[in-house]
Each structure stands twice: as structure tokens, then as C-alpha cells.
Amino acid sequence: MSHPLDDADPLAALRERFVGTDSSLVYLDGNSLGRPLTVTVERMRDFVGTEWGSRLIRGWDETWFDLPLSLGDEIGRVCLGAAPGQVAVGDSTTVLLYKLIRAAVAARPGRTEIVIDGDNFPTDRYLVMGIAEECGLTVRWLDVDISAGATVEQVAEVVGEQTALVELSHVAYRSSWIADVPAITQVAHDAGALVLWDLCHSVGAVPTRLDEWDVDLAAGCTYKYLNGGPGSPAFCYVADQHLETFTQPIQGWMGNTDPFLMGPDYVPVVGIRRFLSGTPAVVGMLGIRDMVALIDEAGMDAVRKKSEQLTAYAVELADERLAPFGVALASPRDPDRRGGHVTLHHPRMREVVAALWQRDVLPDYRGPGGLRIGLSPLSTSYDELERGIAAVRETMAALA
Ligand SMILES: *Cc1c(COP(=O)(O)O)cnc(C)c1O
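Just so it is clear, the structure is predicted and the values come from calculations on it, not from any experiment. (Residues numbered from 1 in each chain as written. Predicted model: local features only at pLDDT ≥ 70, side-chain atom pairs only at ≥ 80, totals over all residues. Heavy atoms only, no water.)

As a further point, take the site of the ligand. Close to the ligand lie 13 residues; Thr94, Asp198, His201, Tyr223 and Lys224 are nearest. A distance of 3.2 Å separates an oxygen atom of the ligand from a polar atom in the side chain of Thr93. A distance of 2.8 Å separates an oxygen atom of the ligand from a polar side-chain atom of His201. Considering the ligand on its own, with 390 Å² of exposed area, one finds that the protein chains cover 87% of that surface. Residue assignment for the shell around the ligand shows that the elements contributing at least two residues are helix H5 (93–107) and helix H6 (122–135). Looking at the shell around the ligand residue by residue, the class counts come to 4 nonpolar, 6 polar and 3 charged. (Near = heavy atom within 4 Å. Polar contact = N/O pair within 3.5 Å; in protein donor to acceptor, adjacent residues only side chain to side chain. Areas by Shrake-Rupley, 256 points an atom, 1.4 Å probe, with all protein chains shown as cover. Helix = DSSP H or I, 4+ residues; strand = E, 2+ residues; numbered from the N terminus. Nonpolar A, V, L, I, M, F, W, Y, C, P; charged D, E, K, R; others polar.)

Following this line, the structure appears as C-alpha cells:
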């Protein structure tokens, strides 16, 4: 299955390192759950047999206790543009976002509003609504175009001396819109507010420069473009200047100054560890480590470049082969504003996706009428993408 774009792709050979890429199955949902790496299969077997099976409790002192921070540093260095000591791995994205939103609100006493867009991922919206109720605050909703996302102008219009926090996604899960993180962060800071960026749909596909952009807080998941596997733990970033003063509400022993002192009081340790609460999910971190190492080998900028080329090819094929069936692009046309996936709209997409799954072509569906094509840069080939679009076309033709 040779394709001229694969032949010209300097990263093409890396696809073979993922489980299952030698089959004819078309996987276009790497933005929901990345494929496993074959090296992870070995690592997991080895972990159970050796590290867990024979090092036993000693494993905590040897590597496991430090893993949330050492792996956090690696994610920070390779993917986020974050200097060491600001990223920790632990909990789910939802729980980490909760901790960070509460930390931000507590750090801006007297301010009464949280800004978020109405099309943000459900968990982000539910958390903000719940915390607003819990803390007596008001949610300022941005009304965004669902084929695009939050703009600098929209944020500038609502922030002011009442704003405690602006919470947005770097890449919109529905449309793939890339928000202008540095400009929005600047606008929020000018109003005295903090920013929290959700990186779930960007980390591993679209690079950030969190330190340089002066971001306060960020979090993201690791089972999408970081291929950590179902339920692998999330990461959070807290900028250095906040690590002495910001506190989070889930006060557990793992965030205490000396967890093994087992003392009477919670005194949060100075540093990113204070954002941890309980025993870290060591097994869930194994796959992340392998994928971050692979991204490091390829180079994050090269990964982004391939991602841009994959989404451009998806848009080109959709225009040429699917537009005649009434399929419309529901993602930005401007490649600089488009993340790692492409959403195509048609009123009958739900049926189309169900039919595709029957034939081992796996994109996903997001209502209303959206077929999401997730292009995991290192595991997706141009040939796979083209076969996927051909299957969508055949399915649409059969419906008509
Ligand atoms: C996938 C995703 C989440 C997932 O949160 P979990 O707690 O891992 O379920 C949150 N936010 C965004 C923007 C996402 O894309």
C-alpha cells in the first residue's frame, strides 16, 4: 500500500512501531484513544514480571515515587515548552482541572467571575458551573462559532476587574480550532485575571510554549495524542511563580511536605508536588513514557508539521470527494488555526459513522452531524487516511 505522500514523509517509518498498523483497519480516532506502541507491550510485561514482581515495595523508593514529576518534566520539555519542576502527572483531567480552577479562584479573592466558552468540552463546563455554585461565583459564557472557537476579541470584551479566571481549550475538541494562547493570556493578565488552558486536544500534536507565553495553569490528558492507554493519568502545569502560594482543595498525603512523617497537619510542599493528592497511577504512566520518548525522537516541530500536512490532505480529499454529497468542513480552513483533527458535517453523519465502524473504519461522531477525523501524526499514514475517505464516500453514496 504505497502512497506518494507516505514515500515523501520523513516520519513514515515510525508508523510501524505501533501495534496493529500492519492490518487494513483504518484508525481515525487517535484523538480519542491513541494506538499502543509495541515497545509498550514489552514494557508492561517486563514491569509486572520484574519491577513490580521482584522489586515489590522497594519500587516506590527506586522510581515510582518520583515518576509523576520525572515524567511530568519530560512531557514539559518535549511537548509543552515548560522548564522542569512545573508539570506533574496524576488523577484524571477532570480532577486536575477541578484542583486548578479552585486554586485559581482562591488566588484571586474578591473577584467574582470565571470566563469559559459555551462550546468547551462538557467536563470543563460542568466543573466551572459546579465551582461557581460552590464558591458563589458567576460564569461568564462566551458564545462561540462551533466550527471555530474562542477569539481574542471575545475574551477582551468580557474580562475586567471582576474576572478571576479564564478557562479555555487550546484546541477545540469539536472544531479543532487553535485558540491564540499568548494573545488571550495577555488580555486576561491585563485585566488581572489568571488563565487555565485545557491541552487535551493539543498535547502531542500541537506544541505549546507555556513558559514563554506566560501561562499560569494548564492540564491535559495522556490517552489521546500521548498514547498512554485507556484511563492513563493526566498532567497539570503550574507556572513556577505560583508554586509557593497556590493551593488545591484535595489535601492528600502525597502533596504534604514530608509524606512519610505521617504528621498531624497538612503543610503543602513547595513545588508542583503540592498538586498531587494520593498514590500515583504508576502502571498508567508506562505507555506515556514510551510515546513521549518517540515524540522526542521525531521532534515536536516535525510532528506538528506532519499533523498540518495530514489535516491539509484530509481537507483536500473532503473538498474533492465528499463535498459533492453535501459534506461541509466544520473546522478552520486556515492551517495555522487548525489542530490535529478535521470535522466534517452532514445531517446523516451519525448513520455514516455507524456503517463505517461495521467495516473497520473508525472515525468518531460528535453531534450535531459531525464526523471527526483524528489524525495521530506518528501512527496515521496518508494511505490510511485516503482509504478512510474512500470508505466515507462509498457509505455516503449508498445512503443517497
Ligand atoms: C478528552 C478531554 C477531556 C477528558 O477529561 P477526562 O477527565 O480525562 O475524562 C477533558 N477536556 C477536553 C478538552 C478533552 O478533549
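Here the focus is empty space enclosed by the protein. Remark: the empty space left among the atoms is shown by a probe the size of a water molecule rolled over them. In this structure the tally under the stated criterion is 1 cavity of 30 Å³ or more. As for the largest cavity, its lining consists of 15 residues, and the residues nearest its centre are Asp117, Gly149, Ala150, Ser169 and Ala172. Residue classes in the lining of the largest cavity are distributed as 9 nonpolar, 3 polar and 3 charged. (1 Å grid on protein atoms, 1.4 Å probe; cavity = no way out; pocket = protein on both sides within 12 Å on 5 of 7 lines; lining within 4 Å. Points joined across faces, edges and corners; volume = space filled by probe spheres on them.)

Looking at chain direction, strand S3 (residues 113–117) and strand S4 (residues 138–142) are connected through 5 bridges and run parallel. Among the inter-strand pairings, Ile114 is bridged to a residue of S4, identified as Val139. (Pairing = 2+ DSSP bridges.)

So, on to the domain arrangement of the protein. Many authors give the size of an interface as the accessible area that is lost as the parts come together. With domains assigned, the protein is organised as domain 1 (4–30 + 299–399) and domain 2 (44–295). Here the C-alpha centre of domain 2 lies 28 Å away from the C-alpha centre of domain 1. On the side of domain 2, 25 residues touch domain 1, which itself brings 28 residues to the contact. Buried surface at the junction of domain 1 and domain 2, summed over both partners, amounts to about 2,100 Å²; 58% is from carbon and sulfur atoms. It is Met300, Arg337 and His341 that lose the most area in domain 1 upon contact with domain 2, and together they represent 30% of the buried surface on that side. Linking domain 1 to domain 2 there are 12 residue pairs in polar contact (both at pLDDT 80 or more). (Domains from an automatic or database assignment. Contact = heavy atoms within 4.5 Å. Buried area = accessible area lost by both parts, 1.4 Å probe.)

Quick look at the pairing of strand S13 (residues 370–374) now. Counting buried positions along S13 yields 5 of 5 residues, so the element is predominantly enclosed. Where strand S10 (residues 341–345) and S13 come together, 5 bridges link them in antiparallel fashion. From the neighbouring strand, Thr343 faces S13, where its bridge partner is Arg372. Bridging between strand S12 (residues 364–366) and S13 involves 3 bridges; their strand directions are antiparallel. Pairing of Arg366 across the sheet is with Gly370, part of S13. Linking two consecutive strands that pair antiparallel, namely S12 and S13, is a turn of 3 residues; a positive phi of about 70 degrees is found at Gly369 within it. (Buried < 20%, exposed > 50% of the residue type's maximum accessible area, 1.4 Å probe, protein only.)

In helix packing, the relevant descriptors are the interaxial angle and the interaxial distance, both defined with respect to the helix axes. As a packed pair, helix H10 (residues 300–322) and helix H12 (residues 382–399) sit with axes 10 Å apart at the nearest point and diverge in direction by 25 degrees. Judged on the interaxial angle alone, H12 and H10 are roughly parallel. Considering only the axes of H10 and H12, their crossing is right-handed. Residues Lys306, Gln309, Leu310, Tyr313, Ala314, Leu317, Arg321 and Leu322 of H10 touch H12, and the partners they reach there are Tyr382, Leu385, Glu386, Ile389, Val392 and Arg393. (Axes fitted to C-alpha atoms, helices over the stretch in contact; angles between N-to-C directions. Parallel < 35°, antiparallel > 145°, perpendicular 65-115°, else oblique. Left-handed = near helix turned anticlockwise from the far one by under 90°.)

Turning our attention to the environment of Leu199. Within the secondary structure, Leu199 sits in the loop between strand S6 (194–198) and strand S7 (217–220). Take Leu199: its relative accessible area is 1%, and that puts it in the buried class. In the structure, Leu199 is positioned 21 residues away from Gly220 in sequence and 4.5 Å away in space, judged by C-alpha atoms. If we ignore the near neighbours within four places in the chain, the residues touching Leu199 are Leu80, His170, Thr208, Leu210, Ala218, Ala219, Gly220 and Phe235.

As summarised here, the arrangement of the 4 strands in space is S9-S10-S13-S12, forming an open sheet in which the pairing is antiparallel. Since the sheet does not close on itself, it has two edges, and those belong to strand S9 (328–329) and S12, each with one partner. In this structure, S9 lies alongside S10, joined through 2 bridges in antiparallel fashion. Note on S10: the bridge partner recorded for Leu329 is Leu344.

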